Amino acid sequence: MSQKKPAVWYEHLHTEKDTGARRGRLHTPHGTFETPMFMPVGTQGAVKGVDNRTLKEIGSQFILANTYHLWVRPGDELIAKAGGLHKYMGWDQAILTDSGGFQVFSLAKARKLTEEGATFKNHVNGDKMFLSPEVAMRIQNNLGSDIMMQLDEAIPYFETYEYVRDSMRRSLRWAQRAKDYHKKTDTQALFGIVQGAGFRDLRTESAKELVKMDLPGYAVGGLSVGESKKEMNRVLDFTMPLLPEDKPRYLMGVAAPDSLIDSVIRGIDMFDCVLPTRIARKGTLMTKHGRVVIKNAKYKDDFSPIDPDLTYYSDNPIRKEQFGNRAQYDLPDYSPYQNLSRSYLHHLFNANERLGEQIASEHNLRYLLHLMEEMRKAIEEDRLLEFRKQVLEDYGYNKKNARLF
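Residues numbered from 1 in each chain as written. Predicted model: local features only at pLDDT ≥ 70, side-chain atom pairs only at ≥ 80, totals over all residues. Heavy atoms only, no water.

**Q** Is there a simple way to think about the UniProt feature "binding site: substrate" (unreviewed entry) in the chain in this case?
**A** Per the UniProt record, "binding site: substrate" (unreviewed entry) is found at D98, S99, G100, G101, F102, D152, Q195 and G222. Lining residues of the largest pocket drawn from the annotated set just named are D98, S99, G100, G101, F102, D152, Q195 and G222. Tracing the chain through its elements places G100 in the loop between β6 (94-97) and α5 (101-106). Those residues in contact with G100 that sit more than four places away from it in its chain are T67, Y68 and L131. Within the secondary structure layout, D152 lies in the loop between β10 (147-149) and α7 (161-181). In contact with D152, not counting residues within four places along its chain, are S99, G101, F105, S171, W174, I193 and Q195. Within the structure, the side chain of D152 is placed 2.7 Å from the side chain of Q195, a separation counted as a polar contact. (UniProt positions renumbered as here; feature names shortened; annotations may be inferred. 1 Å grid on protein atoms, 1.4 Å probe; cavity = no way out; pocket = protein on both sides within 12 Å on 5 of 7 lines; lining within 4 Å. Helix = DSSP H or I, 4+ residues; strand = E, 2+ residues; numbered from the N terminus. Contact = heavy atoms within 4.5 Å. Polar contact = N/O pair within 3.5 Å; in protein donor to acceptor, adjacent residues only side chain to side chain.)

Shown next as structure tokens:
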């Protein structure tokens, strides 16, 4: 008799011959999605400046939402009453929710951390709140996300060995408490988070103990928080072999093109980050040929396309299934911005028109989603190293004193 699969499970399709990078699929209660993938961040149940239809059209598969923010407002019980977060925000594809721990340590005031959990005043109205592994699970159960993250402590990378050790071990205990509390295993998957900063023995202990819990998936936390990219790759090099090959692997908070490719080479399947929409709202674009700060005066009379090398609409199966062949964007060379110039976008930003932020946000997300689509093809065709070299050359990583974002 075959063992029942968890709510979310990983299907391996191909291993790239030169690097060992994985090409796979993630099966969820809200559909099956292609990996490696990038997940746009919808902190408060919305990706800033981008509506759901557009997210699907540009190739989004998952959306990440934030447990802390949705708990503070409008409240997880209200969302449960509405039928869960999918129904509340009108999104019928997969959702991943983080635990809220990062926001407690970065936003909340007067926090106090104990073995039981974190007591703090929220950043909106100063109300006293308490977040524990069980509370984080209760909130996420109410939200109804496909993937839920365990509560852990978000600590700086360059803490002392003793502090990192004690924090990591507490996070392990919290992971077990979260698993014990979790009751909706048929519809929601709990992921554990490997911690340990840059200490190999602590990362090893964290990974091995989490694997013993036999969770549906695993994240690598505590990276992309100020350490160098070389250091991040070093940690991934010794951490990833410790995680099961038949389960999804998620690296939290990463969106730089080189880091996406380098992390996929080391076995990561899933990424998220606020970077693309955050810099977009300030007027910075990610393009095939590098960073464009559209507010700069040199673009005032630049009538060239925003990014002539980017196909804006995705050809992924999800979009085709939902939109069919009825719309003009099924034409292979169609772009919603093909008639818009850099000059026009420059004007929108300098005139403080919100449309400029919207276009830039959609563009940056599409750039990263397209990069992941191309990366999946490169893995399938066993040419990921060649792909990496071309992306870095085109984007400008090899230029002296390159400014990338």
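**Q** How should I be thinking about the packing of helix α13 (residues 342-350) against helix α14 (residues 354-380) in this particular structure?
**A** One can describe the packing of α13 onto α14 by two numbers: an axis separation of 7 Å at closest approach and a directional angle of 130°. Overall, the two elements α13 and α14 adopt an arrangement that is oblique. In the packing of α13 onto α14, the handedness of the crossing is left-handed. Taken together, the residues of α14 that come into contact with α13 (itself represented by Y344, L345, L348 and F349) are L355, G356, E357, I359 and A360. (Axes fitted to C-alpha atoms, helices over the stretch in contact; angles between N-to-C directions. Parallel < 35°, antiparallel > 145°, perpendicular 65-115°, else oblique. Left-handed = near helix turned anticlockwise from the far one by under 90°.)

**Q** What is the right way to read the side chain of S206 from this model?
**A** Position of S206 among the secondary structure elements: in helix α8 (residues 200-212). When neighbours within four sequence positions are excluded, S206 is seen to be in contact with M168, L172, I193, V194 and Q195.

**Q** Mind showing me how you'd approach the nonpolar core here?
**A** Across soluble globular proteins, nonpolar side chains have a tendency to be buried as a group. Counting 100 residues, the largest nonpolar core has F120, L131, L251, F271, M375 and L384 as its most contacted members. By residue number, the principal contributor to this core is α14, which donates eleven residues. Beyond its immediate sequence surroundings of up to four residues, L384 is in contact with E16, T19, A21, I261, V264, I265, M375, A378 and I379. With 19 residues, the next largest nonpolar core counts L96, I147, F191 and Y250 among its residues. (Core = buried A, V, L, I, M, F, W, Y, C linked by side-chain atoms within 4.5 Å. Buried < 20%, exposed > 50% of the residue type's maximum accessible area, 1.4 Å probe, protein only.)

**Q** Please clarify how the sheet that holds strand β8 (residues 118-121) should be interpreted in this entry.
**A** Picture the strands of a sheet paired through backbone hydrogen bonds; they go either parallel or antiparallel. With respect to topology, three strands assemble into an open sheet ordered β7-β8-β9, the strand pairing being antiparallel. Two strands lie at the open edges of the sheet, namely β7 (109-113) and β9 (128-131), each paired on one side alone. In this sheet, adjacent strand axes meet at a mean angle of 15° when their direction is disregarded. Here β7 pairs with β8 via three bridges, running antiparallel. Bridging from a neighbouring strand, K112 pairs with T119 of β8. (Pairing = 2+ DSSP bridges.)

**Q** Quick question: what am I supposed to make of the layout of surface pockets here?
**A** Leftover empty space is mapped by rolling, across the atoms, a probe with the size of a water molecule. The calculated volume of the largest pocket comes to roughly 1,000 Å³. Around the largest pocket, the lining is made up of 38 residues, and of these D98, F102, Q103, G253 and V274 lie nearest the centre. Only α5 and α11 (275-280) provide two or more residues apiece to the lining of the largest pocket. One number sums up the size of the second largest pocket: a volume of about 580 Å³. Within the residue set of the lining of the second largest pocket, elements represented by two or more residues are β1 (9-15) and β11 (189-194). (Points joined across faces, edges and corners; volume = space filled by probe spheres on them.)

**Q** I would appreciate a short explanation of the pattern of salt bridges in the present structure.
**A** Opposite charge on two side chains permits pairing when their charged atoms draw close. Evaluation of the coordinates by the stated rule reveals 24 salt bridges. A salt bridge links K377 to E374, with the shortest nitrogen-to-oxygen separation between them at 3.5 Å. Remark: E374 and K377 occur in helix α14; sequence separation between them is three residues, near one turn of the helix. Put simply, R23, R25, E34 and E380 are held in one network by salt bridges that share partners. (Salt bridge = Lys/Arg side-chain N within 4 Å of Asp/Glu carboxyl O.)

**Q** How do you make sense of α8 when you look at a structure like this?
**A** For the α-helix, the turn length of 3.6 residues means that residues three or four positions removed from each other point alike. Look at α8: 18 Å from first C-alpha to last across 13 residues, which is about the 18 Å you get at 1.5 Å a residue. When we look at burial in α8, the residues that qualify are L202, R203, T204, S206, A207 and L210. Residues of α8 that are buried sit in contact with α7, β11, β12 (217-220) and α9 (229-239). Immediately beyond the C-terminal end of α8, within one or two residues, lies D214, with a positive phi of roughly 55°. (Expected span 1.5 Å × (residues − 1).)

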